[in-house]
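# Structural overview
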Amino acid sequence: MHAALTLTISLAHQSAIGRYLHRLGDKTFSGIYHANAFDLAMIIPYFIVLFVLAMYGLHRYWLVYDYFQYSKNVPPPPPPVANWPRVTVQLPIFNERYVIERLAEAVSRFDYPRELLDVQVLDDSTDETQDVARACVERHAFQGMPITYIHRTNREGYKAGALENGLKTARGEFVAIFDADFIPEPDFLRRTIPYFLSADGGEKIGMVQTRWTYLNSDYSLLTNVETILLDGHFVVEHGARSRRGTFFNFNGTAGVWRRKVIDDAGGWQHDTLTEDTDLSYRAQLKGWKFLYLPQIECASELPVDMNGFKSQQARWAKGLMQTAKKILPKVFEADVPWHVKAEAFFHLTANISYPLMVVLSTMLLPVMIVRFQQGWFQMLLIDLPLFLASTCSISSFYLVAQKELRPKTWWRTFLYMPFVMATGIGISVRNAQAVIEAIVGKKSEFARTPKFKIEGKKGTFAKKSYQNKAGWMPYAEVLLGLYFSLTVAYAIANENYATVPFLLLFVWGYLYTGFMSLGQTYFAHLRFGVNAPEMRPAASGAPGF
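Residues numbered from 1 in each chain as written. Predicted model: local features only at pLDDT ≥ 70, side-chain atom pairs only at ≥ 80, totals over all residues. Heavy atoms only, no water.

## What about the overall build of the protein?
We count it as follows: A run of H or I in DSSP counts as a helix once it spans at least four residues, and a run of E counts as a strand once it spans at least two, with each numbered from the N terminus. Whether a residue is buried, partly exposed or exposed follows from its accessible area with a 1.4 Å probe, protein chains only, as a fraction of its type maximum: under 20%, in between, or over 50%, in that order. In what follows, residue pairs with any heavy atoms lying within 4.5 Å of each other are defined as contacts. Working definition of accessibility: Shrake-Rupley area with a 1.4 Å probe, residue cover restricted to the visible protein chains.
When its secondary structure is counted, the protein shows 18 helices and eight strands. Considering the protein as a whole, with its 545 residues, one finds that 56% of them fall into the buried category. Intrachain contacts of the protein at a sequence separation of at least 6 include 83% that bridge at least 24 residues. A total accessible area of about 23,800 Å² is found for the protein, and carbon and sulfur atoms account for 62% of it.

Quick look at the structure:
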């Protein structure tokens, strides 16, 4: 009996799991390892990158804390309005033939006094959208809608230039802005304008931002991931910043500005790709207050193609970094509380995490080899807390947002979290390029996100124009995915099983974004049974992001 028991224990000890558990507590070679120059060259940059990423991860925890700590700091309902002011509604479009009619139809249903409305279709299009938009405007004008069509023959200043050009003839005391893929509700103006007119500080309010909702959240895995990402921004980020009283930004659409605030802050400027954030910070530095109203929703269409999504994310990442270079010195010099300055820094520089993520990605294999030789205790004591601060904060951030919005079904978000994290990793190469371009001052065009009028789970983009060209970036993403596959193989071969789930996120993230970018119309053909044409770039090109 004793011999059989001894044999069983010996076999278990020789098994993979047994050896792995034995190694965790084995101190036979402790104290023997001494770092050499190569090890230090790997370890020092590795920990610097990991430490910076951990700081931004801890900031997400801080936003969640602020969101709940200042939960009572929400604007009260505004009083009834006796005299409604004149409002200009600006609809900036560029090659939006699929969605401009839907937007104009939604605005035509506004239950706001017609004599106090001033609707502008600001068209910079270079294709047949011009004819579609002009005919749409003429039809609604004939039906009594106060709408005008303004077309520019150049895209100077891009969207910011179009908005500034429209203000030359705008007559409204307030300006509401909607991008082409949005569908505001008929009562949008009646619910937002009263906040500006409140006797209790309404005259100090410069901008009101509403919360985005999505027409096609369940269209695909990608749109489900996008929904979670954007909900995190609109619920936790906007909620925490607005409740705490720190600066937050207009999102470029689904919001209303007081006209004189735009002028007071210096007007729309186009030296960044996020003109909305730039103007927002300039206005708040002038002392104007912003309101965020999450209870007022405005439906929008999510990008359904991977290249369009990556282009959108890249534009935002590059624009925020450009705004950081431009605005942060003014914020630090301003007479505002320290917590406002700190939040502005973390907000505007958050995308520096993308190039750092790429650096971390390329270093993981050599660092894994070095750290493996140093022993498990150091890895558990140092690496693990930093990794948890960098990665787990992402999960808590988005889970809180979903629990606030969907208290009965939020737990389903757990199923999507690996895909959310993997997608964030997958777009890091494209976003890293954009951030570096912003830092070195490289200019690029404003590449708008293609919209295809896709609602719910129906429809396809495969036969439609405006798809962004994939370029060389997806090949780099696929190579990184293969590189991490080798890293996973190395980890398994050396029984470093604890790192495998984390490494698989990199494998999935890079391969998913890479292959979807290269073959998105092919996958659309498989799903919808249509003949997908070859992808071609949008007329605006991509900003190299």
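## Let's talk about the pattern of salt bridges
Quick reminder of the rule: In the sections that follow, a salt bridge refers to a side-chain nitrogen of Lys or Arg positioned within 4 Å of a carboxyl oxygen of Asp or Glu.
Counted by the stated rule, this structure contains 21 salt bridges. The salt bridge involving Glu297 is made with Arg211; its shortest N-O contact spans 2.5 Å. Here Glu297, found in strand 8 (residues 289-300), pairs with Arg211, found in strand 6 (residues 205-214); they are 86 residues apart in sequence, far enough to count as distant. For Glu297, a relative accessible area of 38% translates into the label partly exposed. The salt bridge involving Glu343 is made with Arg241; its shortest N-O contact spans 2.8 Å. Here Arg241 lies in helix 8 (residues 221-244) and Glu343 lies in helix 12 (residues 338-349), a separation of 102 residues in the sequence. Residue class for Glu343 comes out buried when judged on its relative accessible area of 6%. Using a relative accessible area of 1% as the deciding quantity, one classes Arg241 as buried.

## As for the side chain of Arg282
Formally: Contacts described as polar in this section are N or O atom pairs within 3.5 Å, which, within protein, must combine one atom able to donate a hydrogen with one able to accept it, while residues neighboring in sequence count only if both atoms come from side chains.
Along the chain, the position of Arg282 falls in helix 10 (residues 275-285). There is a polar contact of 2.6 Å between the side chain of Arg282 and the backbone oxygen of Ala265. Each residue touching Arg282, except ones within four places of it in the same chain, is listed here: Ala265, Gly266, Gly267, Gln269, Lys326 and Ile327.

## Describing helix 8
Applicable threshold: Take the number of residues in a helix, subtract one, and multiply by 1.5 Å to get its expected span. Bend at a given residue is defined as the angle between two axes, one fitted to the seven residues that end at that position and one fitted to the seven that begin there.
Spanning 24 residues, helix 8 covers 34 Å between terminal C-alpha atoms, matching the ideal 34 Å at 1.5 Å per step. At His238, helix 8 is deflected by roughly 25 degrees, the largest bend along its length. Extensive coverage of helix 8 is indicated by the burial of 21 of its 24 residues. Just downstream of helix 8 lies Gly245, where phi reads positive at about 90 degrees.

## Structural notes on the environment of Val137
Within the secondary structure layout, Val137 lies in helix 5 (residues 129-142). A residue is classified by how much of its surface remains accessible, and Val137, at 6% relative accessible area, is buried. Remark: the alpha-carbon pair of Val137 and Thr148, spanning 11 residues in sequence, is separated by 6.6 Å. If near-sequence neighbours (up to four positions away) are discounted, Val137 is found in contact with Val121, Ile147, Thr148 and Tyr149.

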